[in-house]
Amino acid sequence: MSGDEHTKPRVNASLLPNYLGRQVCLLGLAKNVDSSGTFFTLTTSDNQDVRVQMQEPLSMHVAGLTEVQGQVASRNSVQCDNVVVFSDEATESFDMALYQRALELTQRCSDHYIQGGIMED
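Structural notes, computed from the coordinates. (Residues numbered from 1 in each chain as written. Predicted model: local features only at pLDDT ≥ 70, side-chain atom pairs only at ≥ 80, totals over all residues. Heavy atoms only, no water.)

Let us look at the overall build of the chain. What the chain contains, in helices and strands, is two helices and six strands. Helices (α) and strands (β) of the chain occur, in sequence order from the N terminus, as β-β-β-β-β-β-α-α. Every one of the 121 residues in the chain was classed for burial, and the buried ones make up 35%. By sequence separation, contacts in the chain at least 24 residues apart represent 54% of the contacts at least 6 residues apart. A total accessible area of about 7400 Å² is found for the chain, and carbon and sulfur atoms account for 48% of it. (Helix = DSSP H or I, 4+ residues; strand = E, 2+ residues; numbered from the N terminus. Buried < 20%, exposed > 50% of the residue type's maximum accessible area, 1.4 Å probe, protein only. Contact = heavy atoms within 4.5 Å. Areas by Shrake-Rupley, 256 points an atom, 1.4 Å probe, with all protein chains shown as cover.)

Relative to strand β2 (residues 23-31), strand β1 (residues 10-11) runs parallel, the two sharing two bridges. If you follow R10 over to β2, its bridge partner there is C25. Note that β2 and strand β5 (residues 64-74) share eight bridges and pair antiparallel. Its bridge partner lying in β5, C25 is registered against Q69. Here β2 runs beside strand β3 (residues 39-44); their pairing, made up of four bridges, is antiparallel. By the bridge assignment, G28 is partnered in β3 with T44. (Pairing = 2+ DSSP bridges.)

Our focus in this paragraph is the packing of aromatic side chains. Enumeration over the complete set of coordinates arrives at one aromatic pair. Taking the centre distance of 5.7 Å and the plane angle of 55 degrees together, the rings of F94 and Y99 count as tilted. We classify F94 as partly exposed; its relative accessible area is 29%. Of note, R51 hangs over the ring of F39, and the distance from its end group to the ring centre comes to 3.7 Å. (Phe/Tyr/Trp six-rings, centres within 6.5 Å; stacked < 30°, edge-to-face > 60°. Lys NZ or Arg CZ within 6 Å of the ring centre and 35° of its normal.)

With that settled, the discussion passes to the side chain of S77. Note that S77 resides in strand β6 (residues 77-85). According to the relative accessible area criterion, S77 is buried, its value standing at 14%. There is a polar contact of 2.7 Å between the side chain of S77 and the side chain of S74. (Polar contact = N/O pair within 3.5 Å; in protein donor to acceptor, adjacent residues only side chain to side chain.)

Now for the nonpolar core. One finds L16, L26, F40 and V68 to be the most contacted residues of the largest nonpolar core, which totals 20 residues. Of all the elements in the fold, those that place two or more residues in this core are β2, β3, β4 (49-54), β5 and β6. Excluding residues that lie within four positions of it along the chain, V68 makes contacts with V24, C25, L26, F40, L42, V52, V78, C80, N82 and V83. L27, L65, Y99 and L103 belong to the second-largest nonpolar core, a separate cluster that totals five residues. (Core = buried A, V, L, I, M, F, W, Y, C linked by side-chain atoms within 4.5 Å.)

Purely geometric numbers; function is a separate question.
Have a look at this one:
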């Protein structure tokens, strides 16, 4: 198993085309949850919308600051493996512009920012 199989780089919507077929981590504001719970829209830190497709219908309320881990299916959609919904307080206090700047920095300096992998003993 290579380290890439365990890596879920943090990305925004504009970076999705670079990760087609790979696992990623997206953070944004959830909205427009389908009444069947099979998909919703995530507005990422670059203010673009991504369709998040669930493998099974949601069993929880999804709104506000939300993290999605999953496989990039297309330039604007992700097949979700895991979803984390943050509290209303976290949503209100989260600085999305600062998060966007951090993403830009990690992309520019990717050799200096390790985003995952296998820990060796």
